[in-house]
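One letter stands for each residue in the lines below.
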Amino acid sequence: MDTDSTAISVSGLSKEYRHGRRRLRALDGVNLAVGHGEVFGLLGANGAGKTTLVKVLLGLARPTSGEARVRGRDPRRSAARRRIGYLPEGHRFPGYLTGEASLRLFGRLAGVAEQDLDRRIPELLELVGLAGRGGDRVGRYSKGMTQRLGLAGALLDEPDILFLDEPTDGVDPVGRRQIRDVLLATRRQGTTIFINSHLLSEVERTCDRVAILHQGRVVRQGTVEDLTRPTMRYRIRLGEGQSAAPGRLAGEGLDVVAGNGSLEVEVADLPALNRLVDRLRADHLLIAEVSPLRAALEDVFIEVLEGETRAASSDHGPLTTDHDAGGGR
Amino acid sequence: MKTWALIVDTWREALARYTLLGFVAVSSLFLLVLIFALNLDIVDGALAAGTLFGKAFEVPGNGPAIATVVATGQSVFAGILYVLGVFLAVFATGSQVPNLQHRGTVDLYVTRPIGRTHLLLGRFLGAVTLVTANLLFLCGGVFVIISAKTGVWNPRFLVAAALILLVFLSYLGFMYLVGVLTSSTPLSIMLPYALYLLSVPLVAHDRIAAAMDTRLGVGAVQTLYWVLPKTAEIGRDLTGYVLGRATPAVLPLATTAAFGAVCLGAAIIAFNRKNF
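Residues numbered from 1 in each chain as written. Chains lettered and ligands numbered in written order. Predicted model: local features only at pLDDT ≥ 70, side-chain atom pairs only at ≥ 80, totals over all residues. Heavy atoms only, no water.

Trainee: How should the interface of chain B and chain A be read in this particular structure?
Mentor: Residue-level contacts link 29 residues of chain B with 33 residues of chain A. For the chain B and chain A pair, buried surface summed over both sides reaches about 2,900 Å², with 57% attributable to carbon and sulfur atoms. Our enumeration of links across chain B and chain A arrives at one salt bridge. Between lysine 55 of chain A and aspartate 107 of chain B there is a salt bridge whose closest N-O contact spans 3.8 Å. Seen at the junction of chain B and chain A, the total is 14 residue pairs in polar contact (both at pLDDT 80 or more). Among the elements of the structure, helix H1 (2-16), helix H5 (106-110), helix H6 (116-150) and helix H12 (250-273) of chain B are those that each provide at least two residues to the side of chain B that touches chain A. In terms of residue count, H1 of chain B provides more of the side of chain B that touches chain A than any other element does, seven residues in total. (Contact = heavy atoms within 4.5 Å. Buried area = accessible area lost by both parts, 1.4 Å probe. Salt bridge = Lys/Arg side-chain N within 4 Å of Asp/Glu carboxyl O. Polar contact = N/O pair within 3.5 Å; in protein donor to acceptor, adjacent residues only side chain to side chain. Helix = DSSP H or I, 4+ residues; strand = E, 2+ residues; numbered from the N terminus.)

Trainee: Please explain the domain arrangement of chain A as it appears in this structure.
Mentor: Interfaces are often described in size by the accessible area the parts lose on coming together. Considered domain by domain, chain A is made up of domain 1 (6-83 + 159-227) and domain 2 (231-294). Just the C-alpha atoms count here: the centres of domain 1 of chain A and domain 2 of chain A sit 41 Å apart. (Domains from an automatic or database assignment.)

Trainee: Would you mind showing me how to read the environment of threonine 129 of chain B here?
Mentor: Residues and elements named next belong to chain B. As for its placement among the helices and strands, threonine 129 is situated in helix H6. With 121 residues separating them along the chain, threonine 129 and valine 8 place their C-alpha atoms 10.0 Å apart. Among residues more than four places away in sequence, those in contact with threonine 129 are Ile7 and Trp11. A distance of 2.6 Å separates a polar atom in the side chain of threonine 129 from the backbone oxygen of glycine 126.

Trainee: Looking at this model, I keep getting lost on empty space enclosed by the protein. Mind explaining?
Mentor: Where empty space is left can be seen by rolling a probe of water-molecule size over the atoms. Residues and elements named next belong to chain B. Applying the stated criterion across every chain, the model contains four cavities of 30 Å³ or more. When its volume is computed, the largest cavity comes out at roughly 80 Å³. In terms of lining residues, the largest cavity is bounded by Thr10, Glu13, Ala14, Arg17, Thr19, Ala92, Thr93, Ser95, Gln96 and Leu130. Among the secondary structure elements, those contributing two or more residues to the lining of the largest cavity are H1 and helix H3 (66-93). For the lining of the largest cavity, the element with the most residues is H1, which contributes three residues. Tallied by class, residues from the lining of the largest cavity come to three nonpolar, five polar and two charged. Empty space within the second largest cavity amounts to approximately 60 Å³. (1 Å grid on protein atoms, 1.4 Å probe; cavity = no way out; pocket = protein on both sides within 12 Å on 5 of 7 lines; lining within 4 Å. Points joined across faces, edges and corners; volume = space filled by probe spheres on them. Nonpolar A, V, L, I, M, F, W, Y, C, P; charged D, E, K, R; others polar.)

Right under this line is the structure:
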């Protein structure tokens, strides 16, 4: 799996934690590969093992078995972590430092030269919307500001690979938009981005590929395009001021939702869709647009997890695994 | 630059948490008492009269030679500083490792391209510079004030600072081990104090062992004595040395230093193996 085009590779990775006599399996034979310049999203419910996987990829935790490689190297070796940015979930910069001093400390620890820090720190504070607040103590920052500072810290040494664990956690909608713009700009520079997030809509807008992790196993992965496959559901936007009576259409066995001058309808096949258009035109309604609807990532995610839960309940799976106790890992 | 960043970080943390300020304040108070409260009248190289907090104290006979008075006084101060210095130093640095290991903070440090050993030793070095500076201020201040007041410069007193630092380093290694294993600031401070107290009866380890009924008891006492820092014994030797007696014995110093080194080594191994 370690090819030149692979930024991150994971093969047969398992991680068990011991809590007294109990063994908690956080990861169970995970296989993944993320290409250079790709934006990859890791999805999963609480306790699925997402954070554990990122921690193994950053050398924070040792795998029980299997292998994790970042740019083909073992991330536990400090040199392998050069030019890797990380925004941890619930991170805490030392509260006694100012925003600028925090960035300088972690920049120095990353081996960034002083003159580069002099240039980068104001740039990054500006980029994440903290210009003018860099002299304030981190202890006085709001959660959203701390998150922005964390992002600036992750970008300090112009990383090749960026790991983000819940990057928009606690950030308001405007801030989320800013963070998304920063990530897209970072991606344009060729940075590989690995995102852990609960916010599926964010992942859907940002990522090229996603994997769904459930009880420590990758249960689905693919491009966002593939996963959010087209359905037989269509949106028909009518001309301005036009409206259709959904009751009449429903009477013909169609599942119709109407509102805001448009109809959302599920049809059996394309001829059925065309018959519907003919029907609307026969009623002298003007049609502005007919567009197919894709399943949202959220729908796919829930469908996959429900499928896994059903499968597990019919097959009383591995009893040694305890994922609930590892929530927040 | 990474090591320098960690040293600066340690100082900033100590400053922000007022531990540095507390250390300097207590030391300054001690020095101010010496400057303003103690007055000595020296006539022909002998102590003729003196006042402490404005109250005259008796000088026996024709007055002892001032060199003897200074050595005795410095010996008493060395004993006080030995206890006070180690106490303050442990208190000032006890939260270092637990704070580093806070969830959400440790991730930021450990994921940088810096080895865990380097990270821990950088913080250790930061603590050493912090405590060395404070001990130099406290012990150096006492030395200068007493010497300036009496005109007697007894360099043996400066050895006190070096020995306080050595004992503190041993405790710091132990604190790092406790900190890495437990992430608890209270334990990182209380356990060194417990070792300090335990060292007092262990000075008489031979007599305690002789009073034991079982070989197991004798072995336990002797093991504790040889393994743990010999804080009380070093303190006794130190005050005697300042007074002009023999050089402190090497074995207690060496085993105390070894205890700290082993603890620090174990802390580094544990820190390197730890999952965060």
